[in-house]
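Architecture and fold: a report
Listed here are the chains, written in short residue letters.
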Amino acid sequence: MKKKLLFIILPLLVVICAAAGYAIMNGSSTQAANQGGLMDKKILTAYFSWGGNTKYIAEKIHTQVGGDMFRIEPVTPYPADYNETAYGIAKEQKEKNIHPPIKSTDVSGYDIIFVGTPAWWYTMAPPVMTFLEENNFEGKTIVPFITHGGGGGYTIDKDMAQLAKGAKVLKPIVIFSRGDSNTDNDIKEWLEKLSL
Ligand SMILES: Cc1cc2nc3c(=O)[nH]c(=O)nc-3n(C[C@H](O)[C@H](O)[C@H](O)COP(=O)(O)O)c2cc1C
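For the structure given in this document, a descriptive report is provided here. As the structure is a prediction and not an experimental result, all values here were calculated from the model.

In most cases, non-glycine residues show a negative phi, while peptide bonds are predominantly trans. The backbone of Asn-97 shows a phi angle near 55°, a positive value even though the residue is not glycine. For Trp-121, which is not glycine, the phi torsion reads 50° and is therefore positive. With respect to the element layout, Trp-121 can be found in the loop between β3 (112–120) and β4 (123–124).

On to the site of the ligand, then. As a structural note, the neighbourhood of the ligand is formed by 21 residues, with Gly-51, Thr-54, Pro-118, Gly-149 and Gly-151 the closest of them. Where the shell around the ligand is concerned, the elements lending two or more residues are α3 (53–65), α4 (82–96), β3 and β5 (141–148). Of the residues that constitute the shell around the ligand, the class distribution is eight nonpolar, twelve polar and one charged.

This part is about the packing of α3 against helix α7 (residues 183–193). Working note: a packed helix pair is described by the angle between its axes plus the distance between those axes. Between α3 and α7, whose axes approach to 10 Å, the crossing angle comes to 55°. One element, α3, and the other, α7, form an angle in the oblique class. Crossing handedness for the pair α3 and α7: right-handed. Listed contacts from α7 to Lys-60, Ile-61, Gln-64 and Val-65 of α3 are Thr-183, Asp-184, Ile-187, Lys-188 and Leu-191. Taken together, the residues of the contact of α3 with α7 break down into four nonpolar, two polar and three charged.

Let us now look at α4. The terminal C-alpha atoms of α4 lie 20 Å apart, and with 15 residues this matches the ideal 21 Å at 1.5 Å per residue to within 8%. Positioned one or two residues after α4, Asn-97 has a phi angle of 55°, which is positive.

What counts and what doesn't
- Residues numbered from 1 in each chain as written.
- Predicted model: local features only at pLDDT ≥ 70, side-chain atom pairs only at ≥ 80, totals over all residues.
- Helix = DSSP H or I, 4+ residues; strand = E, 2+ residues; numbered from the N terminus.
- Near = placed C-beta within 6 Å.
- Nonpolar A, V, L, I, M, F, W, Y, C, P; charged D, E, K, R; others polar.
- Axes fitted to C-alpha atoms, helices over the stretch in contact; angles between N-to-C directions.
- Parallel < 35°, antiparallel > 145°, perpendicular 65-115°, else oblique.
- Left-handed = near helix turned anticlockwise from the far one by under 90°.
- Contact = placed C-beta atoms within 7 Å.
- Expected span 1.5 Å × (residues − 1).

In structure tokens, the structure reads:
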């Protein structure tokens, strides 16, 4: 009788241990990535952030999708003062369509690039324009994420498609400021709906 029981219990234990090991090796971020079908893709989260909101959201997205992450940085940093940035240099760049030089970036090793920007003067921030123009996005997928101060996402996804030649640009997630207590869930649901 004891032997019979062992035959039943031992295989059960093996299955339970294997399942537990798999769950431990695949952390929660990979589980979310699986749901979005991202498992076999090389993923990058690239973002520009002046005040920290877009960085905060970039980190949340990165936690769920895995892969690499970097910050898009202008060679000449924007002033720390809001008015100087918003009504000085950023406004001038908008009016004159200036795409400022940025520190070197390389997307060549990636299939899916999450591109984050704050809304700046009704479109993406100028360093993100430089990033999209300077790199070769042919055959790659761009997934925009946008933070804003009340104006929404404007046509930033379409503006991105104009600059990133040959890229497929998917539906952005648009977040006011740095979101709220439901933002992690909003990101999860958005990722699940994307055809990645
Ligand atoms: C230069 C500048 C321009 C902005 N233009 C807009 C805008 O056109 N529409 C809007 O809703 N918010 C605008 N904002 C607010 C930002 O989009 C918002 O605060 C965003 O979350 C900031 O992201 P960050 O903290 O990553 O820089 C602007 C902010 C700055 C500094």
